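Examination of the molecular architecture
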Amino acid sequence: ADYLFLGRKLPGSRSWACLLALLVGAFGYASTDSSFHVKGYTFCAVWYCIFCMDQIYLKHITNTVKMQSNWGRVFYSNFLASLPLVVTFIRDA
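Residues numbered from 1 in each chain as written. Predicted model: local features only at pLDDT ≥ 70, side-chain atom pairs only at ≥ 80, totals over all residues. Heavy atoms only, no water.

Thoughts on the packing of helix H3 (residues 38-64) against helix H4 (residues 70-92)
This is how it is decided: Here an axis means a line fitted to C-alpha atoms, over the contact stretch when the element is a helix, while the angle between two N-to-C directions is reported on a 0 to 180 degree scale. Comment: elements are numbered from the N terminus, with helices defined as DSSP H or I runs of at least four residues and strands as E runs of at least two. Note on terminology: angles under 35 degrees are roughly parallel, angles over 145 are roughly antiparallel, angles of 65 to 115 are roughly perpendicular, and the others are oblique. Crossing handedness is defined as follows: a turn of the near helix away from the far one that is anticlockwise and smaller than a right angle gives a left-handed crossing, while the clockwise case is right-handed. What makes two residues a contact is simply this: any of their non-hydrogen atoms within 4.5 Å.
Where H3 meets H4, the closest approach of the two axes is 10 Å, and the angle between their N-to-C directions is 140 degrees. Taken together, the axes of H3 and H4 are oblique relative to one another. Crossing geometry of H3 relative to H4 is assigned as right-handed. Contacts from Tyr57, Leu58, Ile61, Thr62 and Asn63 of H3 reach H4 at Arg73, Tyr76, Ser77 and Leu80.

Structure representation (structure tokens):
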């Protein structure tokens, strides 16, 4: 995704090997899970896709917006992540 959206290089062969090992491990776990439910794994897949897009967006913003220090980047990313919490707090109040 960094390659497509941020113009970065593709991972090296060691990184591809690690990603493949993670994928094989995940499929191995799912195939031997005694209480396998499609809904649970579908939720995990959807969450993972949303999480990846969120992280790519945060990388783009923190690389594009001029910050004076790394603490500004930390504050900005935590601020963006906390916005959905405000909606949750208001809804649950």
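As for the packing of aromatic side chains
Under the convention used in this document: Between 30 and 60 degrees the pair is tilted, below 30 it is stacked and above 60 it is edge-to-face, where a pair is any two Phe, Tyr or Trp rings, Trp via its six-membered ring, whose centres lie within 6.5 Å. For every residue, the accessible area obtained with a 1.4 Å probe (protein chains only) is divided by the maximum for its type, and the residue is called buried under 20%, exposed over 50%, and partly exposed between those limits.
All told, the structure shown has two aromatic pairs when counted by the stated rule. Ring centres 5.1 Å apart and planes at 15 degrees place the aromatic pair Trp47 and Phe51 in the stacked group. Taken together, the residues span about one helical turn, with Trp47 and Phe51 both in helix H3 at a distance of four residues. Judged by relative accessible area, Phe51 falls into the partly exposed class, the value being 37%. Where Phe75 meets Phe79, the ring centres are 6.3 Å apart and the plane angle is 20 degrees; that geometry is what we call stacked. Placement of the pair is Phe75 and Phe79 together in helix H4, with a separation of four residues, close to one helical turn.

Considerations on the pattern of salt bridges
To keep things clear, this is the line we draw: Throughout this description, the term salt bridge denotes a Lys or Arg side-chain nitrogen within 4 Å of a carboxyl oxygen of Asp or Glu.
Going through the model one piece at a time under the given rule, you end up with one salt bridge. The residue Asp92 makes a salt bridge to Arg91 at a minimum N-O spacing of 3.4 Å.

So, the environment of Asp2
Checked against the element boundaries, Asp2 lands in helix H1 (residues 2-6). Distance in space between the C-alpha atoms of Asp2 and Thr88 is 30 Å, their sequence separation being 86 residues. Apart from the residues lying within four places of it in its own chain, the contact partners of Asp2 are Gly7, Arg8, Ile56 and Lys59.

Some points on the environment of Trp16
Condition: Any N or O atom pair separated by 3.5 Å or less is treated as a polar contact, with the protein-specific requirement of one donor-capable and one acceptor-capable atom, and with residues adjacent in sequence counted only for side-chain atom pairs.
Relative to the helices and strands, Trp16 resides in helix H2 (residues 13-32). Of the polar contacts made by the side chain of Trp16, one reaches the backbone oxygen of Pro11; its length is 3.0 Å.

Digging into H4
As a reminder, the rule being used: What a helix is expected to span follows from its residue count: subtract one and scale by 1.5 Å. A residue's bend is the angle separating two fitted axes: one through the seven residues that end there, the other through the seven that start there.
With 23 residues, H4 extends 34 Å from end C-alpha to end C-alpha; this agrees with the ideal 33 Å at 1.5 Å per step. Along H4, the sharpest kink reaches roughly 30 degrees, centred on Leu83 and followed within four residues by the proline Pro84. N-cap assignment for H4: the residue whose side-chain oxygen lies 3.3 Å from the backbone N of Trp71 is Ser69.

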